[in-house]
Structure formats: C-alpha cells, structure tokens
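Results of the structural survey
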Amino acid sequence: TNDRAVKAGGVKQPWAYVNSIQYITVSTTGDATDLSDMSVSNFGCSGTSNGTNDRGIIATGSTRTSLDYFTISSTSNAADFGDVTNAAYCGAFSNGTSERACFAGGSTAGTGGNTIDYVTMSSLGNGTDFGDLSHLTDWTSASSSGSVVDRGLICLGQDYTGGSYQSRVKTVEYVTISTPGNSTDFGDCTDLRAACAGASNGMT
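Parameters and conventions
- Residues numbered from 1 in each chain as written.
- Predicted model: local features only at pLDDT ≥ 70, side-chain atom pairs only at ≥ 80, totals over all residues.
- Heavy atoms only, no water.
- Helix = DSSP H or I, 4+ residues; strand = E, 2+ residues; numbered from the N terminus.
- Rg over C-alpha atoms; globule rule 2.2 N^0.38 Å.
- Buried < 20%, exposed > 50% of the residue type's maximum accessible area, 1.4 Å probe, protein only.
- Contact = heavy atoms within 4.5 Å.
- Areas by Shrake-Rupley, 256 points an atom, 1.4 Å probe, with all protein chains shown as cover.
- Lys, Arg positive; Asp, Glu negative; His and termini not counted.
- Charge placed at Lys NZ, Arg CZ, Asp CG, Glu CD.
- Phe/Tyr/Trp six-rings, centres within 6.5 Å; stacked < 30°, edge-to-face > 60°.

Regarding the overall build of the protein
- When you go through the protein residue by residue, the secondary structure sums to zero helices and 17 strands.
- Expected size for 204 residues packed as a compact globule is a radius of gyration near 17 Å; at 16 Å, the protein falls within 12% of this value.
- In terms of its C-alpha atoms, the protein occupies a principal-axis envelope of roughly 45 × 40 × 35 Å.
- Burial analysis of the protein (204 residues in total) assigns 46% to the buried set.
- Within the protein, residue pairs in contact and separated by at least 24 positions form 44% of the contacts whose partners lie at least 6 positions apart.
- About 9500 Å² of surface is accessible on the protein, with carbon and sulfur atoms providing 48% of the total.
- Separation of charge centres in the protein, based on 10 positive and 19 negative side chains, amounts to 5 Å.

Here's the deal with unusual backbone geometry
- Residues Q13 and P14 are joined by a peptide bond in cis, for which omega reads -10°.
- Its location among the elements puts P14 in the loop between β2 (11-12) and β3 (16-17).
- At Y89, a residue that is not glycine, the phi angle is positive and equals roughly 60°.
- In this structure, Y89 sits in the loop between β9 (79-83) and β10 (91-94).
- Y89 gets classed as buried once you look at its relative accessible area, which sits at 13%.
- The phi dihedral of W139 falls on the positive side, at around 50°, and the residue is not glycine.
- Overall, W139 belongs to the partly exposed group, its relative accessible area being 28%.

Details of the packing of aromatic side chains
- A complete count under the given rule lists ten aromatic pairs for this structure.
- Summarising the aromatic geometry, the rings of Y17 and F43 are spaced 5.0 Å apart at their centres and angled 35° between planes, so their arrangement reads as tilted. Of this pair, Y17 sits in strand β3 while F43 sits in the loop between β5 (33-37) and β6 (46-49), placing them 26 residues apart in sequence.
- Residue classification places Y17 among the partly exposed positions, given a relative accessible area of 36%.
- By relative accessible area, F43 is classed as buried at 16%.
- Clustering of aromatic rings is evident, with ring pairs tying together W15, Y17, F43, Y89 and W139.

Below is the structure:
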C-alpha cells in the first residue's frame with residue numbers, strides 16, 4: 001500500500017552488527033533513509049511483508065529464533081512478534097494477499113534446518129509448522145509471486161543433509177502458501193549458490 005522497500009540489520013566496517021532499519025522509495029532514485037531500529041543488532045536477517053497491512057516482519061538473524069515486526073509507514077522501532085524454529089539465515093516470503101508469512105530453512109546449531117514455519121501477520125505469536133524442505137540448509141533465499149499466484153520459491157543455499165556442511169546446492173523448490181505441506185522441486189539455478197537474494201514483481 002506504499003512505495004517503500006526496506007532493509008534491516010547487517011554488518012558494517014569495522015566489524016560490527018547493526019540494528020538499523022532503512023528504506024528507499026522505489027519509484028525514485030536516492031539514498032536510503034533511516035526508518036527505525038530492530039530489537040537487536042545482528043546479521044543474517046531476512047524479512048517479508050504482505051503488502052496490504054503496512055506490517056513488516058524480520059527474522060532477526062544469527063543464532064536467534066525470534067521475529068520482530070514494525071510498521072513500514074512509521075518510524076516506531078520494531079518489537080517482538082514471536083519465535084520460529086530458525087530465524088537465522090532463513091528465507092522469508094508472503095504471497096501479498098493473505099495474512100501468512102513463511103520462514104524456510106535456516107541454521108539449527110550450525111547444522112542447517114529443513115523446517116518451514118508460518119505466522120499470521122496481523123496477530124502476534126509463534127510460528128506454526130508448515131512443512132519441510134528436501135535439504136537441511138541455511139543461507140537460504142526466497143521470494144513469492146505476490147497476488148497473482150499463491151506460490152513461494154526457495155533457493156536452498158548450503159547443504160547439511162549429511163549432518164554437517166556438505167556443499168552449496170542449486171536446487172529451487174516451491175510451496176503453495178495457502179496450503180501447508182512439504183516443498184516440491186521447481187528446477188535448478190545455473191550453479192551452486194548460497195546467500196543470494198530473491199525478488200519478484202508480484203504481477204506476472
């Protein structure tokens with residue numbers, strides 16, 4: 001409902017985690033502007049919003065399970081939303097029309113995770129099990145088609161299926177956001193990847 005893109009957390013030089021949430025106005029060029037702060041300083045965060053209720057949700061990153069939420073059009077600081085299985089290096093997505101946000105993969109004590117959790121964005125609370133990915137993975141990225149197709153895509157990142165770090169994977173999987181269940185193979189990236197970014201224009 002507004003023309004903002006938001007980024008949260010990260011690492012700056014000299015090495016230090018940050019808690020800032022910044023935004024840009026998508027329809028114009030220009031530098032980022034400070035919006036507010038996360039509840040913690042951290043990196044390995046991911047976030048999503050459904051585009052209709054002015055709420056952003058952030059998986060708060062490295063070694064954590066907590067989610068923050070904030071109002072995209074205001075300057076109020078983020079507050080605790082609840083917990084999911086993994087809020088570190090996971091992929092986050094929402095379909096842009098429902099109240100459902102999903103968090104897929106992520107670290108579990110350094111061994112990756114295959115869980116997909118979901119929350120209802122308009123109400124605070126912990127995640128609910130949605131299904132599983134095919135791999136134990138972290139440094140996962142994700143995107144969704146917005147309001148046109150009820151589908152989220154997950155690019156799997158690093159593979160821990162053997163119980164410890166094995167390799168990066170190029171597999172892309174998908175779920176139907178309105179229907180809990182395990183992910184299904186979609187296809188492959190051109191090469192092995194981790195910690196990439198996902199985006200969709202939500203209209204095609």
